[in-house]
Amino acid sequence: MSEPGGLRTLKKERTRQALADAAITLFLAHGFDQVSVAQIAAAAEVSKPTLFRYFASKEALVLHRIADHRGEAARVVGARPAGQSPLQALRHHFLDRLEHRDPATGLCDEPEVVAFHRLVFETPSLSSHLRDFVAADTEALAQALTEAVEGPEGAAADTMTPRLVAAQYVAARQILTQANWVRLAAGQSAEQTYPRAVAEAERAFALLAGGAAARGY
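Below or above, wherever it landed, is the structure these notes cover. (Residues numbered from 1 in each chain as written. Predicted model: local features only at pLDDT ≥ 70, side-chain atom pairs only at ≥ 80, totals over all residues. Heavy atoms only, no water.)

## A look at the layout of surface pockets
In this structure, the largest pocket spans a volume of roughly 590 Å³. If you go around the largest pocket, you meet 29 residues; those closest to its centre are I66, H69, P103, A104 and H117. Mapped onto the lining of the largest pocket, the elements with two or more residues apiece are α5 (72-78), α6 (86-99), α7 (111-122), α8 (124-150) and α9 (160-185). If one sorts the elements of the lining of the largest pocket by residue count, α7 sits on top with 6 residues. Looking at the lining of the largest pocket residue by residue, the class counts come to 14 nonpolar, 6 polar and 9 charged. Along the walls of the second largest pocket sit V120, F121, S127, L130, R131, V134, Q174, I175 and Q178, which together make up its complete lining. If you list the elements that add at least two residues to the lining of the second largest pocket, you get α7, α8 and α9. Within the lining of the second largest pocket, the residues separate by chemical class into 5 nonpolar, 3 polar and 1 charged. (1 Å grid on protein atoms, 1.4 Å probe; cavity = no way out; pocket = protein on both sides within 12 Å on 5 of 7 lines; lining within 4 Å. Points joined across faces, edges and corners; volume = space filled by probe spheres on them. Helix = DSSP H or I, 4+ residues; strand = E, 2+ residues; numbered from the N terminus. Nonpolar A, V, L, I, M, F, W, Y, C, P; charged D, E, K, R; others polar.)

Rendered as structure tokens:
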């Protein structure tokens, strides 16, 4: 008897998560370049071919941990309340995530989170793959900004402005996140870093608002 589709999906997701968890544990313990795909597969008790059915590369095993943030900025813009501009929604969301010490803001001082960010920021091949992630996030946000200004059915006469605004926001977010992590990696606590993180985020959004808000974003 074949398994129901829901159970198969659940098993696949558990295998995917087990592979990602095993990989990150090994990478943090031994270094990204020192761990082989075979070692990861063995730690997760699967074969190498099975691993590659779930993940195309070692880098993908790491970035799986932040996959749920893909397109997050676009979703924030799309779900913003009536009367709130896209930039206001993004500002509110980022400040809220700082307050809650979301790892995605770099302001989470749990040792494993700090170590994970070190792994990503200091491993060249991971940084390269992260750029692909950022590019996709920027494109999704640009589309959400276009719809916010033109409406879902509108044909934007200006396709460059939303792309520029999206690129500026995503770049600012990356800079703020890495700056927060650098301070935690140097030994500061999230509590110590929080006031400066908020001040720098507010400065970033004020700079963005100087041009973006004037054009309806």
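## Quick look at the packing of aromatic side chains
Inspection of every chain in the model, using the stated rule, returns 4 aromatic pairs. Geometrically, the ring pair formed by F27 and F32 is tilted, given 4.7 Å between the ring centres and 50 degrees between the ring planes. Overall, F27 belongs to the buried group, its relative accessible area being 2%. Judged by centre distance (5.3 Å) and plane angle (55 degrees), the ring pair of F121 and W181 falls under tilted. Taken together, the residues span a long stretch of sequence, with F121 in helix α7 and W181 in helix α9 at a distance of 60 residues. We classify W181 as buried; its relative accessible area is 5%. Linked through ring pairs, F94, Y169 and F205 together constitute an aromatic cluster. Over the face of the ring belonging to F55 we find R16, whose NZ or CZ atom lies 5.8 Å from the ring centre. Over the ring of Y194 we find R101, and its NZ or CZ is 4.4 Å from the ring centre. (Phe/Tyr/Trp six-rings, centres within 6.5 Å; stacked < 30°, edge-to-face > 60°. Buried < 20%, exposed > 50% of the residue type's maximum accessible area, 1.4 Å probe, protein only. Lys NZ or Arg CZ within 6 Å of the ring centre and 35° of its normal.)

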